[in-house]
Amino acid sequence: MAKRPSSLPFEVQARPGQPLGMAPRAFLRDYWHKRPLLVRGAFPGYVSPVEPEDLAGLACEEGVLARLIQHDRARDAWTVRSGPFPEELFPGLGDRDWTLLVQDMDKWDPDIAALLPAFNFLPRWRVDDVMVSFAATGGSVGAHVDHYDVFLLQAMGHRRWQIDASDAMGRGTPALDFRDDAEIKLLRDFSPTHDWVLEPGDMLYLPPLVPHHGVAEDPCLTFSLGMRAPSVAELMGDYVDTLAAEADEALRYADPALEAAKDPWEIDAAAMARVVEALNAVRMADADALGDWFGRFITVYRAAAGPGTGPGADRAEGGVPDPGQLGQALDDGLVLARYPWTRVAWRRAAKGASLYVAGQSWRLPVADARRLAATDLLDAAAWNSLSAAGRDCVAGLMAEGHYRLEDTDTRDPDDRGD
């Protein structure tokens, strides 16, 4: 029999091959979006592929999303600065009470990106990024909540996490009032129900809106795998913009059966019914059209950088490459590497499938869409498995900077954006 929610543990020990300490199906049923979970030894013996100095150096570069949060304990004051930062800043910060956060580290470092397959039980299009934070002893970002699910993997050092799981324990919903004297959204009141110290390899999962507070026990690195959760306002805004852009100008409010007005200044029920009829005429009633809108939206949503604007993104010279020449280059030992910031998803359509790439839609056979969405590197074998439509799609995407040819012998494993 399934355990009742009140009897489910908040802390488990990971098992070999099960970084969640249980099968993904059980995690999704009992914890996902419902209940916090601390997994001891989720990634046993984990060694961070990046050092604090690497993170600081990256935070000094243009195009990197980085923040520095400092806490003045004497005044309980918080300051936030955004990068890029001057190199001379870090030596003067001292050894306490500051945190450096760098977004999109899964795009900058392939070893951090290598963590993502462990979370393949989740839709990849729901994954936002892996943010890495370095905290000096005492460093924190304060007690707060997130509006999305997050997995917090301890990668170096030790961090004390306090959480308020009152809601999951049936004790009522915690107050979510925020302080008005801080530059970041910090909770006015925080009453933790659990207090844990995480060591390297431990992982804490938090559903949305669970109050939490992490403080570095010693200099530490924490990897934060955050989900994308667009608000209804964001969905509606893009949806309406798409409808407006694609609407036929001939579709207008009309009242061919108009009757004589009893009050010429009144907007009556009949008029409002015609307004609703006019709006319904442009809504996406077709499932394919609605799916195409969402596929385009979600592969652009919260994108840090796009081809032609982000680090290392080069458009192919001379327009769309010839698929035959691309195939020959791959036969000669080159590979096609997808731009790390390019977001990809696919969806079954009424006929075949649609591949969504950074806001674009491509109609392809299901096998092609599935392969191209899941593959960061296309070699000759992968290329030859594609249909003609799939190869044309890759050539078109390469022309826009989503792929580039690389030599596997000279490819720098740390080069994901340079």
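Scroll up to find the structure.
Remember, predicted model here, so these are calculated numbers, not experimental data.

Analysis parameters
- Starting from 1, residues in each chain are numbered consecutively following that chain's sequence as written.
- Local features in a predicted model are, by the rule used here, given only for residues with pLDDT of at least 70; side-chain atom pairs are given and counted only at 80 or more, and totals for whole chains, interfaces and linings are based on all residues.
- The side-chain figures draw on all heavy atoms in the structure; neither hydrogens nor water molecules are used.
- The helix and strand labels rest on DSSP assignments: H or I over at least four residues marks a helix, E over at least two residues marks a strand, and numbering proceeds from the N terminus.
- Three labels apply to residues, based on accessible area from a 1.4 Å probe with only protein chains included: buried if under 20% of the type maximum, exposed if over 50%, partly exposed otherwise in between.
- Two N or O atoms form a polar contact when they lie within 3.5 Å of each other; inside protein one atom must be a possible hydrogen donor and the other a possible acceptor, and for residues adjacent in sequence the pair counts only when both atoms belong to side chains.
- Between any two strands, pairing holds if DSSP finds at least two bridges.
- Here the axes come from fitting lines to C-alpha atoms, over the contacting stretch only for helices, and the angles between their N-to-C directions go from 0 to 180 degrees.
- A residue counts toward a patch only above 30% relative accessible area and without a salt bridge, and it is joined to like-charged neighbours within 9 Å or, for Val, Leu, Ile, Met, Phe, Trp and Tyr, to nonpolar neighbours within 5 Å.
- With residues, only the protein chains shown are counted as cover, and all accessible areas are computed by Shrake-Rupley using a 1.4 Å probe.
- A pairing counts as a salt bridge when a side-chain nitrogen of Lys or Arg comes within 4 Å of a carboxyl oxygen of Asp or Glu.
- Residues scored as positive are Lys and Arg, those scored as negative are Asp and Glu, and His as well as the terminal groups of each chain are ignored.
- A charge is said to be at NZ when it belongs to Lys, at CZ for Arg, at CG for Asp and at CD for Glu.
- Buried Ala, Val, Leu, Ile, Met, Phe, Trp, Tyr and Cys residues that are joined via side-chain atoms within 4.5 Å together make up what is termed a nonpolar core.
- Whether two residues touch is decided by their heavy atoms; if any such pair falls within 4.5 Å, the residues are in contact.
- Using protein atoms alone on a 1 Å grid, points that fit a 1.4 Å probe yet trap it form a cavity, whereas open point sets bounded by protein on both sides within 12 Å along at least five of seven lines form a pocket; residues with an atom within 4 Å of a point count as lining.
- Grid points are joined across faces, edges and corners, and a volume is the space filled by probe spheres set on the points.
- Amino acid classes used here: Ala, Val, Leu, Ile, Met, Phe, Trp, Tyr, Cys and Pro are nonpolar; Asp, Glu, Lys and Arg are charged; the rest, including Gly, are polar.

**Student:** Go over the side chain of Arg 338 with me, naming the residues and quoting the values.
**Tutor:** Inspection of the secondary structure assignment puts Arg 338 in strand S13 (residues 334–338). We classify Arg 338 as buried; its relative accessible area is 12%. Side-chain polar atoms of Arg 338 contact the backbone oxygen of Ala 373, separated by 3.3 Å.

**Student:** Please provide a residue-by-residue account of the sheet that holds strand S6 (residues 127–135), values included.
**Tutor:** The strand order across the open sheet formed by 9 strands is S1-S2-S10-S7-S12-S6-S5-S3-S4, and the pairing between neighbours is mixed. Single-partner strands in this sheet number two, and they are strand S1 (11–13) and strand S4 (77–82). The average undirected angle you get between the axes of adjacent strands in this sheet is 20°. The pairing of strand S7 (residues 150–156) with strand S10 (residues 203–206) spans 4 bridges and is antiparallel. Paired with Val 150 across the bridge in S10 is Leu 206.

**Student:** Give me a negative patch on the surface: which residues, what numbers.
**Tutor:** The grouping of Glu 61, Glu 62, Glu 87 and Glu 88 at the surface amounts to a negative patch. Secondary-structure assignment places Glu 87 in the loop between S4 and strand S5 (98–102). Looking at Glu 87, the relative accessible area reads 63%, which means it is exposed.

**Student:** I'd like a description of the nonpolar core, backed by residues and values.
**Tutor:** Within the largest apolar cluster, 53 residues are counted, with the highest numbers of intra-cluster contacts made by Phe 27, Phe 90, Leu 100, Val 102, Met 105, Phe 151 and Phe 223. Discounting residues that sit within four places of it in the chain, Phe 27 has contacts with Leu 20, Met 22, Trp 32, Leu 37, Phe 121, Phe 151 and Tyr 205. In terms of nonpolar packing, the next biggest core, distinct from the first, is built from 22 residues, Leu 326, Leu 330, Val 344 and Leu 372 among them.

**Student:** Describe empty space enclosed by the protein, and please don't skip the residues or the numbers.
**Tutor:** Tallied over the full model, the rule gives 2 cavities of 30 Å³ or more. Here the largest cavity is characterised by a volume of approximately 80 Å³. Looking at the lining of the largest cavity, the elements with two or more residues in it are S7 and strand S12 (220–227). Of the residues in the lining of the largest cavity, the class split is 10 nonpolar, no polar and no charged.

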